[in-house]
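# Per-entry structural report
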Amino acid sequence: MFSRLTRLQTIAVCALPVVALLATAALAPLPFSVAQPGLTANVLGENKGAQVITISGTPVRETRGQLRMTTIEATSPDTRVSLPDVIDSWFRTDQAVMPRDSVYPSGNSVKEIERHNEKQMKESQDAATRAALGYLDLDDKDIEVSLKLADVGGPSAGLLFSLGIIDKLDGDGTGGDLTGGRVIAGTGTIDAAGRVGAVGGVALKTQAAKRDGATVFLVPKAECGDARAELPKGLRLIPVTTLKSTVSSLVALETGKGSVPSC
């Protein structure tokens, strides 16, 4: 014999599975990474005690100003990101929730991801060197360029590497610095032909740039909208598409002659 449940009891009994499901969802790991502004490094100087760009086989000029590559820091691929983490980050401007697959190759171990990022960095450095020397019409058989950047992987520093090589070898082409003495930051991949490619996390990278003293930020043109989303006050965006047009924009910014594009 069964007793009849009251309406309140019935609701309570039916609600239990829903509450249990929500509790499980709140604690279950989700396929996301939480990212925040990462380190920046001046490619014209030293990083962790080592010169970032070393050139031999041709005279190298003294430079003023800085060219700072930017990064984001994301939770490691084996970190458990739960629903409360996602909700908390969603409402913060200094963090971003990103699909883990957009940050790390899907299905790879931590070691495999590290090797993948190291490979991408090496390929990026080689392409950056070829692009810079090609822009300057220099033969890479006579010039040796070494690029070192500890604890950073991936291809997104390519543009800044190329600009750093150009500034050390030729400056603005007329004896001045490519930076004009400014702290200039940026991001973007580059291929050997000098084409700039899009990267991720530009809104967080602008915050890292401003934090470390930059007044100008070079951003792949396709990502202008993302860069404007949380743009720190006092940071000027310059959209870029090729190495040649980037150099032209920096020279125009330095000399006040010619137009400087904006997002």
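Residues numbered from 1 in each chain as written. Predicted model: local features only at pLDDT ≥ 70, side-chain atom pairs only at ≥ 80, totals over all residues. Heavy atoms only, no water.

## Description of the pairing of strand β4 (residues 53-56)
Covered by surrounding structure in β4 are Ile-53 and Ile-55 only, the residues Thr-54 and Ser-56 on the alternate face being uncovered. As defined by bridge partners, β4 adjoins strand β7 (residues 144-147) across four bridges and the pair is classed as antiparallel. When the sheet's bridge partners are listed, Ile-55 is paired in β7 with Val-145. (Buried < 20%, exposed > 50% of the residue type's maximum accessible area, 1.4 Å probe, protein only. Helix = DSSP H or I, 4+ residues; strand = E, 2+ residues; numbered from the N terminus. Pairing = 2+ DSSP bridges.)

## Description of the pairing of strand β5 (residues 66-74)
Where strand β1 (residues 32-42) and β5 come together, six bridges link them in antiparallel fashion. Counterpart to Asn-42 in the pairing with β5 is Arg-68. Of the strand pairs in this sheet, β5 and strand β8 (residues 183-186) are connected by four bridges, and their pairing is parallel. Looking at the pairing, Met-69 lines up with Gly-186 of β8.

## Quick notes on the environment of Leu-235
Structurally, Leu-235 can be placed in the loop between α7 (224-229) and β12 (236-240). Relative accessible area serves as the criterion here: at 6%, Leu-235 is assigned to the buried category. For the pair Leu-235 and Ala-214, spaced 21 residues apart in sequence, the C-alpha to C-alpha distance is 7.0 Å. For Leu-235, the residues in contact, after removing those within four places along its chain, are Thr-206, Ala-209, Ala-214, Thr-215, Val-216 and Phe-217. (Contact = heavy atoms within 4.5 Å.)

## Regarding the environment of Asn-47
With respect to the helices, strands and loops of the structure, Asn-47 is situated in strand β2 (residues 46-47). The exposure class of Asn-47 is buried, given its relative accessible area of 14%. Taking the C-alpha atoms as reference, Asn-47 lies 7.3 Å from Ala-150; in sequence the two are 103 residues apart.

## Quick look at the confidence of the model for the chain
Residues with a pLDDT of 70 or more make up 85% of the chain, whose mean pLDDT is 86. Throughout residues 7-28 the model reports pLDDT below 50, and contacts reaching past four residues in sequence, or to other chains, amount to 11 contacts. (pLDDT = per-residue confidence, 0-100.)

## Considering the state of the cysteines
Scanning the entire structure with this criterion turns up one disulfide. One disulfide bridge connects Cys-224 with Cys-263, the sulfur atoms lying 2.0 Å from each other. Looking along the S-S bond of the Cys-224-Cys-263 disulfide, the torsion reads about -60°, which is the left-handed sense. Linking Cys-224 in helix α7 with Cys-263 in the segment after α8 (243-255), this pair joins segments that are 39 residues apart in sequence. Residue classification places Cys-263 among the partly exposed residues on the basis of a relative accessible area of 30%. (Disulfide = S-S within 2.5 Å.)

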